[in-house]
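# Survey of secondary and tertiary structure
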Amino acid sequence: MPFDSLALAVRRATDNTWEVLAPLVYRGDRDTFVVPPGFRTDFASVPRVVVWLFPRSGRYTPAAVLHDWLTDVAVPGGLVSARDADGVFRRVMRELGVPPLRRWLMWCGVRWGALVNPVRRAGWWRDAPRVLALSVLAAPVVVPPAGVIAVALAVYRVAESLVTRLTAGRTPEPEPDVWH
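Just so it is clear, the structure is predicted and the values come from calculations on it, not from any experiment.

### Digging into the overall build of the protein
The helix and strand tally for the protein stands at four helices and five strands. Counting from the amino terminus, helix and strand elements in the protein follow one another as β-β-β-β-β-α-α-α-α. Taking the principal axes of the C-alpha coordinates as reference, the protein spans close to 60 × 45 × 30 Å. Expressed as a percentage of the 180 residues in the protein, the buried residues total 33%. Put simply, the protein shows about 11,200 Å² of open surface, and 61% of that area lies on carbon and sulfur atoms. Across the protein, the mean location of the 22 positive side-chain charges is 8 Å away from that of the 16 negative side-chain charges.

Here is the structure:
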């Protein structure tokens, strides 16, 4: 097992982030990384339009928390390169038993994320052929539903905005009675 324990102790910090409560220790063949208490993570940083395929949490959650720490702390601190952090993410997912297609597509996603992040961009072009090939192969499965979801999310955002404006200033709904 790559982690000292898979029991991940977290508490909700915000609507989208979780705070690590106990150290998450990863021991690889050559690396030991410790995600310390107090570190904040969003688990897997998945764009909303593809959460149907890659939920924010799953078997890969410890790998995602480690990857968040690597990219937020270790890469800017010069401990590892962004390319190595993304490679560790893929390797740890393999060690956790994440199926090959899922881990390679998730790796592809974090490499695309590295391209748009100046701190993580170095070395991106070395992986570009694999990232592009995986993207082209996955596109027929991922793009059509993601497009429909993107439209639905846009419609929902407009509807939510309209309802919020129409109900602004009204008395809030009373809290429901609790029956014991």
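Now that the structure is up, let's keep going.
### What about the environment of Leu 105?
Turning to its location among the elements, Leu 105 is positioned in helix α3 (residues 100–115). In sequence terms Leu 105 and Ala 138 are 33 residues apart; their C-alpha atoms lie 7.9 Å from each other.

### A short note on the packing of aromatic side chains
By the definition in use, this model includes seven aromatic pairs. Each ring, one from Trp 18 and one from Phe 43, has its centre 5.6 Å from the other, and the planes form 15 degrees; the classification is stacked. Residue Trp 18 is found in strand β2 (residues 18–20), and its partner Phe 43 is found in the loop between β5 (40–41) and α1 (61–74); the two are separated by 25 residues along the sequence. By relative accessible area, which is 22% here, Trp 18 ends up partly exposed. With a relative accessible area of 12%, Phe 43 lands in the buried category. Each ring, one from Phe 33 and one from Trp 69, has its centre 6.3 Å from the other, and the planes form 50 degrees; the classification is tilted.

### Focus: the packing of helix α2 (residues 82–95) against α3
Contact pair α2 / α3: the axes reach a minimum separation of 10 Å and the direction vectors enclose 165 degrees. The pairing of α2 with α3 is recorded here as roughly antiparallel in orientation. As α2 runs across α3, the sense of the crossing is right-handed. Touching Ala 82, Arg 83, Asp 86, Gly 87, Phe 89, Arg 90, Met 93 and Arg 94 of α2 are Arg 103, Trp 104, Met 106, Trp 107, Val 110, Arg 111 and Ala 114, all from α3. Tallied by class, residues from the contact of α2 with α3 come to eight nonpolar, one polar and six charged.

### A few points about the pairing of strand β3 (residues 24–27)
Direction of pairing for β3 relative to strand β4 (residues 32–35): antiparallel, over a ladder of four bridges. Bridge pairing in β4 links Val 25 to Val 34. Hairpin connection of β3 to β4: four residues between the antiparallel strands.

Conventions we followed
- Residues numbered from 1 in each chain as written.
- Predicted model: local features only at pLDDT ≥ 70, side-chain atom pairs only at ≥ 80, totals over all residues.
- Heavy atoms only, no water.
- Helix = DSSP H or I, 4+ residues; strand = E, 2+ residues; numbered from the N terminus.
- Buried < 20%, exposed > 50% of the residue type's maximum accessible area, 1.4 Å probe, protein only.
- Areas by Shrake-Rupley, 256 points an atom, 1.4 Å probe, with all protein chains shown as cover.
- Lys, Arg positive; Asp, Glu negative; His and termini not counted.
- Charge placed at Lys NZ, Arg CZ, Asp CG, Glu CD.
- Phe/Tyr/Trp six-rings, centres within 6.5 Å; stacked < 30°, edge-to-face > 60°.
- Axes fitted to C-alpha atoms, helices over the stretch in contact; angles between N-to-C directions.
- Parallel < 35°, antiparallel > 145°, perpendicular 65-115°, else oblique.
- Left-handed = near helix turned anticlockwise from the far one by under 90°.
- Contact = heavy atoms within 4.5 Å.
- Nonpolar A, V, L, I, M, F, W, Y, C, P; charged D, E, K, R; others polar.
- Pairing = 2+ DSSP bridges.

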